[in-house]
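Residue-level listing of the chains:
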Number of protein chains: 2
Amino acid sequence: MEQRILRVVVLGAGFGGLTFCQHFRHSNAVIYLVDRQNHHLFQPLLYQVATAGLSAPEIAQPVRAVFHDRPDVHVHLANVEDIRPATKELVVDGETHSYDYLVFALGGRTSYFGHPEWEQFAPGLKSLDDAQRIRRGLLFAFEHAENTRDKDERRRLMTIVIVGGGPTGVELAGACSELTRQVLKRDFKRIDPAQARVILIEGSPRLLGQFTEPLSQNARETLEGMGVEVRTGTHVKNITQGRVELPDGSVIEAENILWAAGVAASPLTAKLGVPIDRAGRVLVNPDLSIPGRPEVFVIGDAAFLLDKDGQIVPGVSPAAMQEAKHVAQIITSELDGNPERPPFDYWDKGSMATIGRSAAVAKVGAFEMTGFLAWIAWLLIHLIFLVGFRNKVAVLWQWFYSYVTYRRGARIITGLKWPAK
Amino acid sequence: MEQRILRVVVLGAGFGGLTFCQHFRHSNAVIYLVDRQNHHLFQPLLYQVATAGLSAPEIAQPVRAVFHDRPDVHVHLANVEDIRPATKELVVDGETHSYDYLVFALGGRTSYFGHPEWEQFAPGLKSLDDAQRIRRGLLFAFEHAENTRDKDERRRLMTIVIVGGGPTGVELAGACSELTRQVLKRDFKRIDPAQARVILIEGSPRLLGQFTEPLSQNARETLEGMGVEVRTGTHVKNITQGRVELPDGSVIEAENILWAAGVAASPLTAKLGVPIDRAGRVLVNPDLSIPGRPEVFVIGDAAFLLDKDGQIVPGVSPAAMQEAKHVAQIITSELDGNPERPPFDYWDKGSMATIGRSAAVAKVGAFEMTGFLAWIAWLLIHLIFLVGFRNKVAVLWQWFYSYVTYRRGARIITGLKWPAK
């Protein structure tokens, strides 16, 4: 009897989905990779697109191109509308498809803690479109400031508020400081972009909560040395057009308000019919499958599980990639007749956050680094991870060029006609 | 008595406006350079952005960055709303400014020969936004074709019509052929992008009317060898959504219809109060000033004049740049007390059109070239002209990479969510 070819459907072409496809290959299976974008995004560098350090194609790669030599991987640009675990089906752009295995890797989206109305005033940073929207907003603000004669208005236009003091917020604050103090400074005649205010707001008592106290302190001091106003222990009470309201009643008027405070899983996790946490993450089994559905796996930012030390596996790309490899191994074993499923074991390779063009903080196990050395480590690791990205050389060149000349090539405004509003 | 500092207002940061600012510098004058885009565009390569050969920032340069070391050049991102030659004033974003000299270099826009309603169905190619719109349309069409099961629909999605057989149309047709036959071919599983139809329609009897008959014939044969259907002597009767109607009553159904047939000057030429031709171009004096207003000059695509052989000075970038230098000289002389104004003398350096990744046609005086040699010449000349563009190395790398691998890095769809319609 001939064996039926099994259909493995992968939702999402982020680090998790892409890595799964790269590590799963079986003569009895084909992969359908579904994403609503045609590109895989190198998210760790997205903040550089938002702050005009890199251009969009430099950190993105067409998914089809990644798998053009894999006849068993079918790339499908489409929206996932529904998932029906009971019948092993999903609805994609109005059409129903069946699956034998489902790998849910849709990642996260920006969350506004129950205030979705803030999104229009304070864009988050998850996609290339987000990054280009932020870049447009930042660049337009300085153009408006150059044109206006109203002093208060100019001050408002030149104020940038970043909400959220995690790695993304810290990276954005550092990059905004550099953009205004180093890059734009030389381009304007009437205004001095170096007078721009960059304000970083964090609700908890310190920045970079997942790092140790000394690293948080180092990040704070480095940012303050770059002219960033750091306000920890400060929650945001309300956000409206160009205004951030704080609990003490004070208001910061800022043309650009960037949101780096919250991430939630894709709303599609609710379709899986299993328990999810407040952030929408699925409480997965130790093997990353979902309760009662051994053929459905959730990996990456949409999964919630504890590692063997009882720590939450963080929503970072190395975790998503390790999970992807684990699931690829489980399905391969199963197709080869071995139903044993070992639990996922997270290997924390360390984490780092970059603060500017020559500073970062990093920890690898108990080992910690700060400053220029940490930045060099950050640079090397990101370049190594960019392998496979055809843009590696272009990115390297761009960085080198920026570093040497302090000019930036991606300061191009498109997509909206002047004026911006 | 102290001399008043004169205000030279330059409208447009294209090749004409930019070149003027680079060549005009006088201790008694300041320049205000007004454009509604924040970047100068290397238009000759715009078709490569539209066909995913280059990414947008590679052919654009922030205008402020060009003049950051020129304290006498003020860059103003703004819309020009009105020009009042009688009072030497102009209205920019609601504010009235006066000028002592005005250099009108606003260039051209796509013209639909009295059918502005065609624009929504058949985008032209003048700005980065245009190019990105076309690229999105082309890439989305193949994604839709991959997803559909309807054979006729698939055929329609994979048909590209280009209206206009001048250099832009020929370049677009060649690049579309390569995109479908070489680049996308390897990325899709169900469809074969090499089966795409690329149809080039030209109203006159031959392509590239400004070249000689043998060069036109060579261009036609090269395109046909690349699988492009060339229809000369064919006018377009009507364009609606996805449909091109021809005079013989036949209809071509095509998801992508690109317009490369007509260019008209900026509508602001009408504000100058002097005679303009049907395409909106100003009939300038031999010194490039306008009748009765010696302080107003029109250069580039918005100017109409004959050279000393009675030929129309063509709307190409070398002409705009030569005109810019001429006007810079006239104003400099005048400020130095020499009111003599020599007539503009156009030096035709030759012209060329590229057809694909290894073919072009070129003429320099009576000397003509075709094929690979002409393409190498085209490549060298464009690289030389890109000098000053910081992206030179990146572009070179990108081209080299495309040439060697036939893959393209700019195939990133952003700005619109899937599905496109």
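Everything below is about the structure printed above this text.
Nothing here was measured: the structure is a model prediction, and the numbers come from that model.

Draft legend 1. Representation of the sheet that holds strand β6 (residues 80–84) of chain B. All names here are of chain B. The strand order β6-β7-β8 describes an open sheet built from three strands, whose pairing is antiparallel. The sheet is open, and its two borders are formed by β6 and β8 (95–98), each paired with just one other strand. In this sheet, neighbouring strand axes are inclined to one another by 20° on average, regardless of whether the strands run parallel or antiparallel. Of the strand pairs in this sheet, strand β7 (residues 89–92) and β8 are connected by four bridges, and their pairing is antiparallel. Each bridged residue has a counterpart across the sheet, and for Val92 the counterpart in β8 is Glu95.

Draft legend 2. Just the packing of helix α1 (residues 15–23) of chain B against helix α8 (residues 317–335) of chain B, in detail. Residue and element names in this part refer to chain B. At a minimum axis separation of 8 Å, α1 and α8 run at an interaxial angle of 35°. Crossing of α1 over α8 shows right-handed handedness. Residues Phe15, Gly16, Thr19, Phe20 and His23 of α1 lie in contact with α8, whose contacting residues are Ser317, Ala320, Met321, Ala324, Lys325, Val327, Ala328 and Ile331. Its residues placed into classes, the contact of α1 with α8 shows eight nonpolar, four polar and one charged.

Draft legend 3. A look at the sheet that holds strand β9 (residues 101–104) of chain A. Residues and elements named next belong to chain A. Here six strands make up an open sheet; going across it, the order is β5-β2-β1-β9-β21-β20 and the pairing mixed. Bordering the open sheet on either side are β5 (73–77) and β20 (289–290), each of which pairs with just one other strand. Here strand β1 (residues 6–11) pairs with β9 via four bridges, running parallel. By the bridge assignment for β9, Val9 is matched with Leu102. Helix-sheet contacts for helix α1 (residues 15–23) involve β1, β2 (29–35) and β9, and the interaxial angle to β1 is about 150°.

Draft legend 4. Looking closely at the packing of aromatic side chains. Going through the model one piece at a time under the given rule, you end up with 14 aromatic pairs over all chains. Ring geometry for Phe15 of chain B against Phe42 of chain B: centres 5.8 Å apart, planes inclined by 70°, an arrangement best described as edge-to-face. Of the two residues, Phe15 of chain B is situated in helix α1 and Phe42 of chain B in the loop between β3 (39–41) and α2 (46–50); the sequence distance between them amounts to 27 residues. Residue class for Phe15 of chain B comes out buried when judged on its relative accessible area of 14%. Put simply, the rings of Tyr112, Phe113, Trp118 and Trp259 of chain A pair up and form one aromatic cluster. The ring of Tyr32 of chain A carries Arg7 of chain A above its face, with NZ or CZ at 4.5 Å from the centroid.

Rules used throughout
Residues numbered from 1 in each chain as written. Chains lettered and ligands numbered in written order. Predicted model: local features only at pLDDT ≥ 70, side-chain atom pairs only at ≥ 80, totals over all residues. Heavy atoms only, no water. Pairing = 2+ DSSP bridges. Helix = DSSP H or I, 4+ residues; strand = E, 2+ residues; numbered from the N terminus. Axes fitted to C-alpha atoms, helices over the stretch in contact; angles between N-to-C directions. Left-handed = near helix turned anticlockwise from the far one by under 90°. Contact = heavy atoms within 4.5 Å. Nonpolar A, V, L, I, M, F, W, Y, C, P; charged D, E, K, R; others polar. Phe/Tyr/Trp six-rings, centres within 6.5 Å; stacked < 30°, edge-to-face > 60°. Buried < 20%, exposed > 50% of the residue type's maximum accessible area, 1.4 Å probe, protein only. Lys NZ or Arg CZ within 6 Å of the ring centre and 35° of its normal.

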